[in-house]
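# Structural description and commentary
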Amino acid sequence: MTEFWNQIFAFAETTAGRVGEQLLRDFGAVQAEAKSDGSLVTRSDRWADGEIRDALARTFPDHGVLSEEGEHIFPTADWCWIVDPLDGTTNFTRGIPIWGISLALLYRGTPIFGHIHLPPLKQTFHGFWPDRSGLDVPTGSFGNGIPIHPTTDVLGPNQFFNLCSRSVAIAPHLPAKVRMLGMATYNFLTVAAGTCIGGVEATPKIWDIAAAWAIVQASGAVWIPLDSAEIFPLKSGLDYGDRSFPTLVVSQTQWLDTLQPLAESKLGFGPN
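Keep in mind that what you see is a predicted model, and the values were worked out from it rather than measured. (Residues numbered from 1 in each chain as written. Predicted model: local features only at pLDDT ≥ 70, side-chain atom pairs only at ≥ 80, totals over all residues. Heavy atoms only, no water.)

The residue Pro130 is located in the loop between β7 (123-128) and β8 (140-143) in this model. For Pro130, a relative accessible area of 16% puts it in the buried group. When sequence neighbours within four positions are dropped, the list of residues in contact with Pro130 reads Ile112, Leu135, Val137 and Thr139. (Helix = DSSP H or I, 4+ residues; strand = E, 2+ residues; numbered from the N terminus. Buried < 20%, exposed > 50% of the residue type's maximum accessible area, 1.4 Å probe, protein only. Contact = heavy atoms within 4.5 Å.)

Printed below as a string of structure tokens:
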């Protein structure tokens, strides 16, 4: 990697690792409160958000930042970080060890780098994906430094498919075993890493998907926006706080004919 990409990766590793150490000490021992949208927040979320944004301001002062716990309006800067300082807050507060820190770097509105650190699982995923940026970006997805790829297994009753709580209507119709992880980014990562054959999230926000998008794309898995609208590039000046991006991720394009119509019909997207 070039010096710049090395710097990006090292920053994400160091910052997420440091923040994750403190979050592990708070894990299962903090109280949550409801935000206006019904999601939960803790003092740990807010602390982690401040730590990450301060580190970004020191290291990349010319980069913009959009964070779940901070500014939701996408900035005009060519380079912008999207931060979820604690993805899986409900799991975090209840002592369920599936939560993490998500960092994405976007160039002109499209993610080209994603880094997701899951401290209780001792797992870290990252990926570089140049898309149509025209930049000389290294390409690949990794779990704990080892390349990851989606499974090539046949869709069937011994495969796993992930759901969120708002997509359970699909469950009885799936030709696979169902899992619900409680963390949107990890839902998608398990497909990129070959653990699951597919996953659906009905109402993820931009901070739930930006880092995972780069990792999933670089792994070779397939990302489908269920409302048929292109997600990226994001547009400067728009408020992304209340926007959801229903998503299906599958391991292989050959499963789209089975899984996409099912997801669209049960979640109310696609043709009637």
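The structure having been displayed, the exposition proceeds.
Further remarks concern the pattern of salt bridges. What the rule picks out here adds up to 4 salt bridges. Note that Arg18 and Glu51 form a salt bridge whose closest N and O atoms lie 2.7 Å from each other. Placement of Arg18 in helix α1 (residues 3-26) and of Glu51 in helix α2 (residues 43-59) is noted, with a sequence separation of 33 residues between them. For Arg18, a relative accessible area of 33% corresponds to the partly exposed category. Arg108 serves as the salt-bridge partner of Asp78, at 3.6 Å between the closest nitrogen and oxygen. On the criterion of sequence distance, the pair formed by Asp78 in the loop between β3 (64-67) and β4 (79-87) and Arg108 in the loop between β5 (100-107) and β6 (110-118) is long-range, its members being 30 residues apart. For Arg108, a relative accessible area of 54% gives the class exposed. (Salt bridge = Lys/Arg side-chain N within 4 Å of Asp/Glu carboxyl O.)

Let us look at α2. Over its 17 residues, α2 runs 24 Å from end to end, which matches the ideal 24 Å to within 8%, given 1.5 Å per residue. Its side-chain oxygen placed 3.1 Å from the backbone nitrogen of Ser44, Thr42 serves as the N-cap of α2. (Expected span 1.5 Å × (residues − 1). Polar contact = N/O pair within 3.5 Å; in protein donor to acceptor, adjacent residues only side chain to side chain.)

Considering all chains together, one arrives at 16 aromatic pairs under this definition. On the numbers, 6.5 Å between centres and 80 degrees between planes, the contact of Phe74 with Tyr240 is edge-to-face. In this pair, Phe74 sits in the loop between β3 and β4 while Tyr240 sits in the loop between β13 (222-225) and β14 (247-250), placing the two residues 166 residues apart along the sequence. A relative accessible area of 4% places Phe74 in the buried class. Taken together through their ring pairs, the aromatic side chains of Phe4, Trp5, Trp79, Tyr107, Phe113 and Phe128 make up a single cluster. Lying over the aromatic face of Tyr240, Arg243 brings its terminal NZ or CZ to 5.2 Å of the ring centre. (Phe/Tyr/Trp six-rings, centres within 6.5 Å; stacked < 30°, edge-to-face > 60°. Lys NZ or Arg CZ within 6 Å of the ring centre and 35° of its normal.)

If you trace the 7 strands from one edge of the open sheet to the other, you get β3-β4-β5-β6-β7-β8-β9, paired in mixed fashion. What marks the edges here is a single partner per strand, and that holds for β3 and β9 (146-147). Summarising the sheet, β8 and β9 pair through 2 bridges and their orientation is antiparallel. Note that in β9 the partner of Gly143 across the bridge is Ile146. (Pairing = 2+ DSSP bridges.)

A few words now on the sheet that holds strand β11 (residues 177-179). Strand-to-strand pairing in sheets goes through backbone hydrogen bonds, with the strands running parallel or antiparallel. What the 5 strands build is an open sheet, ordered β11-β10-β12-β14-β13; its pairing is mixed. What marks the edges here is a single partner per strand, and that holds for β11 and β13. With strand direction ignored, the average angle separating the axes of adjacent strands in the sheet is 20 degrees. Of the strand pairs in this sheet, strand β12 (residues 198-201) and β14 are connected by 4 bridges, and their pairing is antiparallel. In the sheet register, Val200 faces β14, and the bridge partner there is Leu248. Across the face of the sheet, helix α5 (residues 206-219) comes into contact with β13 and β14 while running at roughly 140 degrees to β13. On top of the sheet, helix α6 (residues 256-267) reaches β10 (160-162), β12, β13 and β14; it is set at about 160 degrees to β14, its chief contact. (Axes fitted to C-alpha atoms, helices over the stretch in contact; angles between N-to-C directions.)

Across the 9 residues of β4, 9 count as buried, placing the element largely inside the fold. Note: β3 against β4, 4 bridges, orientation parallel. Bridge pairing links Gly64 to Cys80 in β4. In this sheet, β5 lies alongside β4 in antiparallel orientation, the contact comprising 7 bridges. Residue pairing for β5: Cys80 is matched across the bridge by Leu106.

The next subject is the packing of α1 against α2. Between α1 and α2, the least distance of the axes is 10 Å, while the angle of their chain directions is 155 degrees. Judged on the interaxial angle alone, α2 and α1 are roughly antiparallel. For the pair α1 and α2, the crossing hand works out as right-handed. Along its contact with α1, which presents Gln7, Phe11, Thr15, Arg18, Val19, Gln22, Leu23 and Asp26, the element α2 presents Arg43, Ser44, Trp47, Ala48, Glu51, Ile52, Ala55, Leu56, Arg58 and Thr59. For the contact of α1 with α2, the per-class residue count stands at 8 nonpolar, 5 polar and 5 charged. (Parallel < 35°, antiparallel > 145°, perpendicular 65-115°, else oblique. Left-handed = near helix turned anticlockwise from the far one by under 90°. Nonpolar A, V, L, I, M, F, W, Y, C, P; charged D, E, K, R; others polar.)

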